[in-house]
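# Secondary and tertiary structure notes
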Amino acid sequence: MIRKEFQHIGRDPRSLGLAFGLPMILLLIFGYALSLDVEQVPLIIWDQSRTPESMRLISLFSGSRYFTVVGGTAGYKEIDRALESREAMAALIVPIDFAAKVALGKEAEAQFFLDGSDANTATIALGYAEAIASAYSQSLSLAAIKKAGHRKGNLPVEMRARVWFNDDLESKNFIVPGIMAVILMINAALLIPLSVAREWETGTMEQLVSTPIKGPELVLGKLFPYFCIGMVNVLITIAIGRYVFLVPLKGSVVLLIAIAAIYLTAGLSLGILLSIVTKSQLAASQASLILSFLPAFMLSGFISPISQMPWPIRTITYLFPARYFVTVLKGLYMKGIGISHLYFECGMLCVYTLCLLALAVKNFQKKLA
Amino acid sequence: MQQLRFEKAVDVTNLEKRFGSFVAVNRISLTVNRGEIFGFLGPNGAGKSTTIRMLCGILTPDGGSGTVAGLDVRAQSETIKQHIGYMSQKFSLYEDLTVEENIDFYSGIYRIPAHKKKERKEWAIGMAGLERHRNTMTGFLAGGWKQRLSLGCAILHEPPILFLDEPTSGVDPISRRRFWDLISDLAMQKITGFVTTHFREEAEYCDRIALIYRGEMIALGAPRSLKSEESRHQFFDVSCRNPLVAVEAVRNLPGVRDAAAFGTSFHLSTESAQVAQEALGFLHRGAAPDAVMEKIIPSLEDIFVSLIETYDKSHQGVSEVNQ
């Protein structure tokens, strides 16, 4: 049974592509494209003031890695056009009296426009812009305090922030591990139903149920090859994450692989269960898309944090194994925590897996109707 | 595999299967002797496959009881599976595996002991005539080859009973002929064959046949005895220019049991020669002045058609009441 399944997969380039190609493509696409980091926001500048003070402010923007100055301009119309054509996503206007106000120690204003059609980027860019502005004003006040005669100028409060677990706040550090949860689900919940349903459709399943083979043997025979493929994908994902995306794995590799194996089995059992119920390739793959792939994507905390979801949806996330696995992944990759912090997640994954597997075996009656 | 001792290959009473309100198989009772080729005939949708699936243990009957190979069809369906070969109409082979890989797979599934594997494989390849195509992808094989390979796979474990569900559909006549020779060979080795088909001429290969129609068994017996039983009626071949019109004209005459178009002529079955002569006269006066009538010995086809027509006539009243 197992060998036959391997032969099938080997023979069918489409299966092979789905098994290995799709995960890799996903990994690369997400790794590179789904960067939630906002860097090098194209910025257009209208410097009305043209003074050393305004130049300093602008140089703080252009010197930062978050903004790239794409041009200077003179007039609201051009700013309008640049934002509309997406040549620039932000515009900075330094008014003509900027230097004068700074010199007088008055409140100097600079105008900042943002293309809000990409709300996420805009919010983050706004944060950066404010940080730059406040750094500039801090340096101004500092200079003023010094000027006023204090030898050691000091600001009343200075917050020194340090981000733990993901020092550079790089999104790939959690996207690359998180994608593993999605990849495994594709493996599990898409390929297995296709394979089982194909047997129903070609009539070979009818033949199989007429033979003395036992139900659990059949289920496990189907499961094992895809388990192997899944585990190969786990290793590939870990390797690509480590060597291509340079995502550090702080926790134990062995623990990661072990938990991935449990999660994979849960997905595979779900896949088998679905294909037993639906019996057609199309229905099975659609059902698995809705029941496994989307939850792995949307409800796992991979893209958006679970704590930010409204409570009914937050409760639903507990129903899907991806939630636990993503927590494990984040913990292992970024925090480097050990098993002692993950008992709940591991326990839930185990329970989930055993229930699904038992259900799959039980429901796989060797009957047609 | 341990040898089973059993008298009747199949022995069922009042077997019944319903899908919702639709009665697919309505209280069928039959016995099949060892080493017999038992034909199960009927039009598509009559309940042939459903019956065979119940006997093979892959459908649970809703009513009735019985044994296959001496084992209870309800309680011991998994054990039955060890002692039967089943071949469905779809030739359940893996098209993306080679001939040898298919055989290897099924010999694994049937748990053929290692020392017998090679011998059984060579036997199956030889039987199917696939010596030169061992490593061909099964998907590329012609229908007749697939069919024989499928048969080979179904009997790798040398089961004493073989269930074949429309084994010859989609296969050319020569392969069909060859296939029936194989079944006859197996019957010589005391292997029971339970074969469904909707090709009437194939019934002639069977020792006994059952005719199933709308879930009910309407005739059972050896082909010869069915013929003689029915031949108390008179069968005629009537040729005329427009047989379809003529069939409608005579169908409801008193004493006419059945009239069915048959190529360029039509077959008429009546209760007596007298009735036939009257019908011919009736045709000459109206629908078919050119009709020529000839007495024939009925084929199984004639007998089945007439049995089915009789069944329909006798049930017409019932179904109208039901509606």
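Residues numbered from 1 in each chain as written. Chains lettered and ligands numbered in written order. Predicted model: local features only at pLDDT ≥ 70, side-chain atom pairs only at ≥ 80, totals over all residues. Heavy atoms only, no water.

Looking only at helices and strands, chain A features 14 helices and four strands. Every one of the 369 residues in chain A was classed for burial, and the buried ones make up 46%. In chain A, the proportion of contacts linking residues at least 24 apart, taken out of those at least 6 apart, comes to 78%. Summed over its atoms, the accessible surface of chain A is roughly 18,300 Å², and 65% of this surface lies on carbon and sulfur atoms. (Helix = DSSP H or I, 4+ residues; strand = E, 2+ residues; numbered from the N terminus. Buried < 20%, exposed > 50% of the residue type's maximum accessible area, 1.4 Å probe, protein only. Contact = heavy atoms within 4.5 Å. Areas by Shrake-Rupley, 256 points an atom, 1.4 Å probe, with all protein chains shown as cover.)

Another aspect to go through is the overall build of chain B. Counting its regular elements, chain B contains ten helices and 14 strands. Along the first, second and third principal axes, the C-alpha set of chain B runs to 75 × 45 × 35 Å. Evaluated residue by residue, chain B yields a buried proportion of 53% over its 323 residues. Look at the contacts in chain B between residues 6 or more apart in sequence, and 70% of them connect residues 24 or more apart. Put simply, chain B shows about 14,400 Å² of open surface, and 50% of that area lies on carbon and sulfur atoms.

Residue and element names in this part refer to chain B. Domain boundaries assigned for chain B yield domain 1 (8-226) and domain 2 (228-322). With 16 residues of domain 1 in contact, the opposing surface of domain 2 contributes twelve residues. Counting the surface lost from both domain 1 and domain 2, the interface buries some 1,300 Å², and carbon and sulfur atoms represent 66% of this. It is Arg200, Tyr213 and Leu226 in domain 1 that bury the most area against domain 2; as a group they hold 44% of the surface buried on that side. On the surface where domain 1 and domain 2 come into contact, there are zero salt bridges. Between domain 1 and domain 2 we count zero residue pairs in polar contact (both at pLDDT 80 or more) in total. (Domains from an automatic or database assignment. Buried area = accessible area lost by both parts, 1.4 Å probe. Salt bridge = Lys/Arg side-chain N within 4 Å of Asp/Glu carboxyl O. Polar contact = N/O pair within 3.5 Å; in protein donor to acceptor, adjacent residues only side chain to side chain.)

Tallied over the entire structure, the rule returns 19 salt bridges over all chains. Lys222 of chain A serves as the salt-bridge partner of Glu199 of chain A, at 3.1 Å between the closest nitrogen and oxygen. Of this pair, Glu199 of chain A sits in helix H7 (residues 172-202) while Lys222 of chain A sits in helix H9 (residues 215-243), and the two are 23 residues apart along the sequence. For Lys222 of chain A, a relative accessible area of 2% translates into the label buried. Glu248 of chain B is the salt-bridge partner of Arg251 of chain B, the closest N and O atoms lying 3.4 Å from each other. Of this pair, Arg251 of chain B and Glu248 of chain B both sit in helix H8 (residues 243-251), separated by three residues, roughly a single helical turn. According to the relative accessible area criterion, Arg251 of chain B is partly exposed, its value standing at 22%. Salt bridges sharing partners connect three or more residues here, namely Glu100, Asp104, Lys121, Glu122 and Arg134 of chain B.

Now for the pairing of strand E6 (residues 84-87) of chain B. Consecutive side chains along a regular strand alternate between the two faces of the sheet. All names here are of chain B. Here E6 shows two buried faces, one formed by Ile84 and Tyr86 and the other by Gly85 and Met87. With four bridges connecting them, E6 and strand E7 (residues 161-165) associate as parallel partners. Counterpart to Tyr86 in the pairing with E7 is Phe163. (Pairing = 2+ DSSP bridges.)

Quick look at the domain arrangement of chain A now. Looking at the assigned domains, one finds that chain A contains domain 1 (2-34 + 170-368) and domain 2 (41-147). In this structure, domain 1 of chain A and domain 2 of chain A have C-alpha centres spaced 47 Å apart.

A few words now on the packing of aromatic side chains. Any aromatic ring pair is given by two values, namely how distant the centres are and how the planes are angled relative to each other. Considering all chains together, one arrives at 18 aromatic pairs over all chains under this definition. Aromatic side chains Tyr66 of chain A and Tyr128 of chain A sit 3.7 Å apart centroid to centroid with 15° between the ring planes, which places their arrangement in the stacked category. You can see Tyr66 of chain A sitting in the loop between helix H3 (52-63) and strand E2 (67-72) and its partner Tyr128 of chain A sitting in helix H6 (residues 119-147), a full 62 residues away along the chain. Residue Tyr128 of chain A is classed as partly exposed on the basis of its relative accessible area, which comes to 23%. Each ring, one from Tyr94 of chain B and one from Phe105 of chain B, has its centre 5.2 Å from the other, and the planes form 85°; the classification is edge-to-face. Taken together, the residues span a long stretch of sequence, with Tyr94 of chain B in the loop between E6 and helix H3 (99-109) and Phe105 of chain B in helix H3 at a distance of eleven residues. The pair Tyr94 of chain B / Phe105 of chain B is uniform in exposure class, with both members buried. Three or more aromatic residues joined by ring pairs make a cluster, and in this case those are Phe38, Phe40, Phe163 and Phe194 of chain B. One Lys or Arg, Arg242 of chain A, reaches over the ring of Tyr243 of chain A and ends 5.5 Å from the middle of that ring. Sitting over the face of the ring of Trp123 of chain B, Arg120 of chain B holds its NZ or CZ atom 4.3 Å from the ring centroid. (Phe/Tyr/Trp six-rings, centres within 6.5 Å; stacked < 30°, edge-to-face > 60°. Lys NZ or Arg CZ within 6 Å of the ring centre and 35° of its normal.)

Time to look at unusual backbone geometry. Residue and element names in this part refer to chain B. Within the chain, Lys190 stands out as a residue other than glycine whose phi angle is a positive 70°. Relative to the helices and strands, Lys190 resides in the loop between helix H6 (173-188) and strand E8 (192-197). Judged by its relative accessible area of 52%, Lys190 falls in the exposed class. Even without being glycine, Arg214 reaches a positive phi, approximately 50°. By secondary structure assignment, the location of Arg214 is in the loop between strand E9 (208-213) and strand E10 (216-221).

All names here are of chain B. One open sheet holds the six strands; their spatial order is E6-E7-E8-E3-E9-E10, and the pairing between them is mixed. Unpaired on one side and paired on the other, E6 and E10 mark the two borders of the sheet. Taken over all neighbouring pairs, the strand axes of this sheet differ in orientation by 15° on average, direction set aside. As defined by bridge partners, strand E3 (residues 37-41) adjoins E8 across five bridges and the pair is classed as parallel. The residue bridging Phe40 from the neighbouring strand is Thr196, located in E8. Strands E6 and E7 of the sheet are contacted by helix H5 (residues 143-154), whose axis makes an angle of about 155° with E6. Of the strands in this sheet, E3, E6, E7 and E8 are in contact with H6, which crosses E3 at around 135°. (Axes fitted to C-alpha atoms, helices over the stretch in contact; angles between N-to-C directions.)

Turning to the sheet that holds strand E12 (residues 256-262) of chain B, a few remarks are in order. Strand pairing in a sheet relies on backbone hydrogen bonds. The paired strands run either parallel or antiparallel. All names here are of chain B. The strand order E12-E13-E11-E14 describes an open sheet built from four strands, whose pairing is antiparallel. The open sheet has two edge strands with one neighbour each: E12 and strand E14 (292-295). Sheet twist, expressed as the average angle between the axes of neighbouring strands with direction ignored, equals 25°. The strands touched by H8 are E12 and strand E13 (265-270); relative to E12, the strand with the most contacts, the crossing angle is about 170°.

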